[in-house]
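Here is how the chains run, residue by residue.
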Amino acid sequence: MTSPAPAALRVEDLHKSFGPLEVLRGIDLTVSEHEVVCLIGASGSGKSTLLRCINLLEPIDAGRVSVEGEEITAEGVDTNRIRRRIGIVFQAFNLFPHMTVLDNVTLAPRKVLRRPVATAEAEGVALLERFGLADKRNEYPDRLSGGQQQRAAIVRALAMQPDLMLLDEVTSALDPELVGEVLGVIRSLASGGMTMLIATHEMGFARDIASRVCFLDAGVILEEGPPAQIFSAPREARTQQFLQRIIEAGRL
Amino acid sequence: MSVDRGPFARRRGREGPARAVAIAVLSSIVLFGAVGYAIVHAPNWPAVQQSFLDPEVFAESLPEIVAAFGINVQLFLIAEVLILVLGLVIAVLRSLPGPVFFPIRAMATVYTDLFRAVPGILVIYLLGFGIPGLDMPGVPNDPFFWAVVALTLVYSAYVSEVYRAGIESVHPSQEAAARSLGLSRFQALRYVIVPQAVRRVVPPLLNDFIGLQKDTVLVSFIGVVEIFRVSQNKESALFNFTPYLATAVVFLAVTIPLARLTDWLSARDRRRYLAGVAR
Ligand SMILES: Nc1ncnc2c1ncn2[C@@H]1O[C@H](COP(=O)(O)OP(=O)(O)OP(=O)(O)O)[C@@H](O)[C@H]1O
Ligand SMILES: [Mg+2]
């Protein structure tokens with residue numbers, strides 16, 4: 001008898017408070033290998049907090065997070081080793097402004113994985129080429145457009161060859177005409193089989209790309225399902241209200 | 001990029017820069033002329049002029065004073081390198097997170113509090129006379145050595161605070177980005193946070209260097225024969241205070257360019273910052 005392969009990511013009964021404010025009140029979420037799960041929910045519902053907890057950037061109050069069967073929130077786990085396996089891309093890019101694009105991309109492979117400089121750079125240039133940034137490799141981040149900066153941030157995370165990518169509203173700081181190029185990159189990652197958990201306000205994009213959509217409300221995942229069901233026939237009243245507001249705002 | 005500076009800019013534009021310069025020159029002449037006139041017509045002016053502004057004494061003492069300044073420069077350069085390193089180490093120790101590092105943080109805090117509180121001259125005295133006084137075997141009793149140690153201890157406390165302000169001014173999202181890639185806390189500091197912090201604190205660091213440069217004269221009190229000690233010797237040999245004026249001129253010649261450089265760097269950083277915001 002063979003046990004099924006462990007999920008790429010499993011979150012069980014995760015609780016997180018900031019002082020008196022309980023932001024996450026028992027999150028249960030599983031992401032299987034090669035799955036793309038989109039996290040939707042109102043502003044302030046805790047999407048970023050959940051992603052930061054999964055990447056151990058925020059300590060959690062209760063519950064557990066496991067990556068490929070290994071509990072990463074257990075006592076005594078080496079957080080640096082875990083974070084190598086989980087790539088995260090932030091809304092505000094957070095590139096290192098004092099380094100060129102290529103140095104941004106190769107820093108962690110060189111210092112964390114101890115790759116020789118030449119190897120790290122060759123790999124970095126190849127990745128930048130794949131995402132149309134090879135000619136920007138020697139520029140500093142402030143010379144790039146927002147879309148280019150966000151693509152560079154995605155490449156920087158990919159350079160660590162993570163098993164799982166967390167994307168936190170990676171297009172919401174971009175001018176509308178730059179959103180497309182970044183969404184294109186994410187689509188190509190999805191079709192390459194990358195396992196991803198994506199917090200997003202781009203409902204059209206979520207409908208296209210997600211294997212599953214989770215609606216986060218009042219600190220729990222209130223409803224989840226395939227995008228066709230969530231977007232056209234949501235069961236919960238709160239989900240209906242949320243989507244109604246989005247439609248009124250012209251974003252679906 | 002054009003910046004609209006509002007109605008004042010337009011008005012100044014119409015008058016033209018020549019007029020502004022003329023006004024500046026005229027008001028300077030009136031003010032400094034009045035002050036100068038008052039001084040040279042003071043009852044005791046001739047006596048003061050003789051004992052502080054004697055051109056012959058100035059010319060005679062200047063070469064030796066300039067030569068002695070070499071010791072101050074050595075002192076300054078050696079201490080400066082040590083200060084930059086020690087100050088950074090202390091700043092990093094103070095910003096280590098978590099309860100494990102509490103004793104280290106506490107020690108670093110006590111250090112900065114202590115050496116910023118005690119007047120520098122006392123530290124110089126205590127080390128320069130106290131430690132050689134113990135007469136311990138193998139411990140140097142060269143006053144120059146203890147002068148370097150004392151200045152390093154005192155100025156590292158100030159400089160570590162400058163670095164710490166720089167470290168804290170780097171947004172926490174930079175650390176989050178570094179840690180999320182698997183860098184350790186120390187690697188994040190080393191490769192991401194400190195390099196950005198250091199760039200930001202260059203002007204205030206230069207400011208502290210100017211202070212250090214001047215404070216090198218304090219070590220004359222423990223017997224280092226440097227510029228101030230030489231000008232004292234000259235004063236008692238020639239019964240004239242003009243050598244002190246020569247010393248002041250030497251410091252002016254070195255410090256004013258540094259001060260202008262500091263201003264220029266601050267202004268450049270401010271321009272860059274504004275350009276970044278306006279983008
Ligand atoms: N470090 C923090 N300290 C205190 N409160 C915080 C902190 N981070 C987040 N919060 C609070 O937690 C709640 C959830 O924030 P979070 O950023 O996770 O929401 P979000 O769903 O990502 O919102 P958005 O769609 O606007 O990005 C908010 O009320 C926020 O004010
Ligand atoms: Mg968010």
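All of these numbers come straight from a predicted model, not from anything done at the bench.

Regarding the overall build of chain B
On a plain count of helices and strands, chain B comes out with twelve helices and zero strands. In sequence order, chain B lays out its α and β elements as α-α-α-α-α-α-α-α-α-α-α-α. Here chain B has a C-alpha radius of gyration of 25 Å; the compact-globule value for 279 residues is 19 Å, and the former is much larger. Each principal axis of the C-alpha atoms in chain B carries an extent, and together these give about 75 × 75 × 25 Å.

Digging into the domain arrangement of chain B
For chain B, the domain assignment lists domain 1 (1-41) and domain 2 (54-278). Taking only C-alpha atoms into account, the centre of domain 1 of chain B sits 36 Å from that of domain 2 of chain B.

Here's the deal with the sheet that holds strand β4 (residues 62-67) of chain A
With antiparallel pairing, the four strands of this open sheet are ordered in space as β2-β1-β4-β5 (chain A). Because the sheet does not close on itself, it has two edges, and the strands there are β2 (21-31) and β5 (70-71) of chain A.

Here's the deal with the pairing of β4 of chain A
Residue and element names in this part refer to chain A. As defined by bridge partners, strand β1 (residues 9-18) adjoins β4 across five bridges and the pair is classed as antiparallel. The residue of β4 that forms the bridge with L9 is V67. For β4 and β5, the ladder comprises two bridges, and the chain directions are antiparallel. Among the inter-strand pairings, V67 is bridged to a residue of β5, identified as E70. With antiparallel pairing between neighbouring strands as the criterion, β4 and β5 make up a hairpin whose turn holds two residues, including E68 at a positive phi of roughly 45°.

Structural notes on the site of ligand 1
All names here are of chain A. Ligand 1 sits among 13 residues. The nearest are S43, G44, K47, S48 and T49. Backbone polar atom of G44 to an oxygen atom of ligand 1: 2.8 Å apart, as the coordinates give it. The side chain of H201 places a nitrogen or oxygen atom 3.2 Å from an oxygen atom of ligand 1. Here ligand 1 has 630 Å² of accessible area as a free molecule, and 60% of this is covered by the chains. Mapped onto the shell around ligand 1, the elements with two or more residues apiece are β2 and α1 (47-54). Per element, the largest residue contribution to the shell around ligand 1 is three residues, and it comes from α1.

Re the interface of chain B and chain A
Between chain B and chain A, the residue contacts involve 18 residues of the former and 26 residues of the latter. Regarding the contact of chain B and chain A, the summed buried area is about 1700 Å², with carbon and sulfur atoms giving 60% of it. A per-residue breakdown of the area chain B buries against chain A is headed by S180, L181 and Y191 of chain B, which together make up 34% of the total. Those elements that provide at least two residues to the side of chain B that touches chain A are α8 (172-180) and α9 (185-200) of chain B. Considering each element in turn, the side of chain B that touches chain A owes the most residues, seven residues, to α8 of chain B.

Describing the layout of surface pockets
All names here are of chain B. By volume, the second largest pocket is sized at about 260 Å³. If you tally residues by element for the lining of the second largest pocket, the top one is α8, at four residues. Of the residues assigned to the lining of the second largest pocket, the class counts are five nonpolar, one polar and five charged.

With respect to the packing of aromatic side chains
Inspection of the entire model under this criterion finds ten aromatic pairs over all chains. Cation over ring: R156 of chain A sits above F96 of chain A, and NZ or CZ is 4.4 Å from the ring centre.

Description of the nonpolar core
Grouped together as the largest cluster of nonpolar side chains are 87 residues, with contacts concentrated most on L9, I27, L29 and L197 of chain A. Here this core gets 13 residues from one element, more than from any other, and that element is helix α7 (residues 143-169) of chain B. Dropping the residues within four chain positions of it, L197 of chain A is found in contact with L9, L29, V31, V37, L51, I54, M165, L166 and L167 of chain A.

Quick word on the packing of α8 of chain B against α9 of chain B
Any two packed helices are characterised by the angle at which their axes cross and by the distance between the axes. Residues and elements named next belong to chain B. Where α8 meets α9, the axes come as close as 9 Å, and the angle between the chain directions of the two elements is 140°. On the basis of the axis angle, α8 is oblique to α9. As for how α8 packs across α9, the hand of that crossing is right-handed. The residues of α9 that touch α8, namely those facing Q174, E175, A178 and R179, are R185, A188, V192, I193 and Q196. Here the contact of α8 with α9 is composed, by residue class, of four nonpolar, two polar and three charged.

Observations concerning a nonpolar patch on the surface
Residue and element names in this part refer to chain B. On the surface, V81, V85, V89, L93, V100, F101 and I104 cluster together to form a nonpolar patch covering roughly 570 Å² of accessible area. Residue contributions to the nonpolar patch peak at four residues, all from helix α4 (residues 55-94). Secondary-structure assignment places V89 in helix α4. Note on V89: relative accessible area 40%, which makes it partly exposed.

About the cut-offs
- Residues numbered from 1 in each chain as written.
- Chains lettered and ligands numbered in written order.
- Predicted model: local features only at pLDDT ≥ 70, side-chain atom pairs only at ≥ 80, totals over all residues.
- Heavy atoms only, no water.
- Helix = DSSP H or I, 4+ residues; strand = E, 2+ residues; numbered from the N terminus.
- Rg over C-alpha atoms; globule rule 2.2 N^0.38 Å.
- Domains from an automatic or database assignment.
- Pairing = 2+ DSSP bridges.
- Near = heavy atom within 4 Å.
- Polar contact = N/O pair within 3.5 Å; in protein donor to acceptor, adjacent residues only side chain to side chain.
- Areas by Shrake-Rupley, 256 points an atom, 1.4 Å probe, with all protein chains shown as cover.
- Contact = heavy atoms within 4.5 Å.
- Buried area = accessible area lost by both parts, 1.4 Å probe.
- 1 Å grid on protein atoms, 1.4 Å probe; cavity = no way out; pocket = protein on both sides within 12 Å on 5 of 7 lines; lining within 4 Å.
- Points joined across faces, edges and corners; volume = space filled by probe spheres on them.
- Nonpolar A, V, L, I, M, F, W, Y, C, P; charged D, E, K, R; others polar.
- Phe/Tyr/Trp six-rings, centres within 6.5 Å; stacked < 30°, edge-to-face > 60°.
- Lys NZ or Arg CZ within 6 Å of the ring centre and 35° of its normal.
- Core = buried A, V, L, I, M, F, W, Y, C linked by side-chain atoms within 4.5 Å.
- Buried < 20%, exposed > 50% of the residue type's maximum accessible area, 1.4 Å probe, protein only.
- Axes fitted to C-alpha atoms, helices over the stretch in contact; angles between N-to-C directions.
- Parallel < 35°, antiparallel > 145°, perpendicular 65-115°, else oblique.
- Left-handed = near helix turned anticlockwise from the far one by under 90°.
- Patch = residues over 30% accessible without salt bridge, like charges linked within 9 Å, V, L, I, M, F, W, Y side chains within 5 Å.
- Salt bridge = Lys/Arg side-chain N within 4 Å of Asp/Glu carboxyl O.

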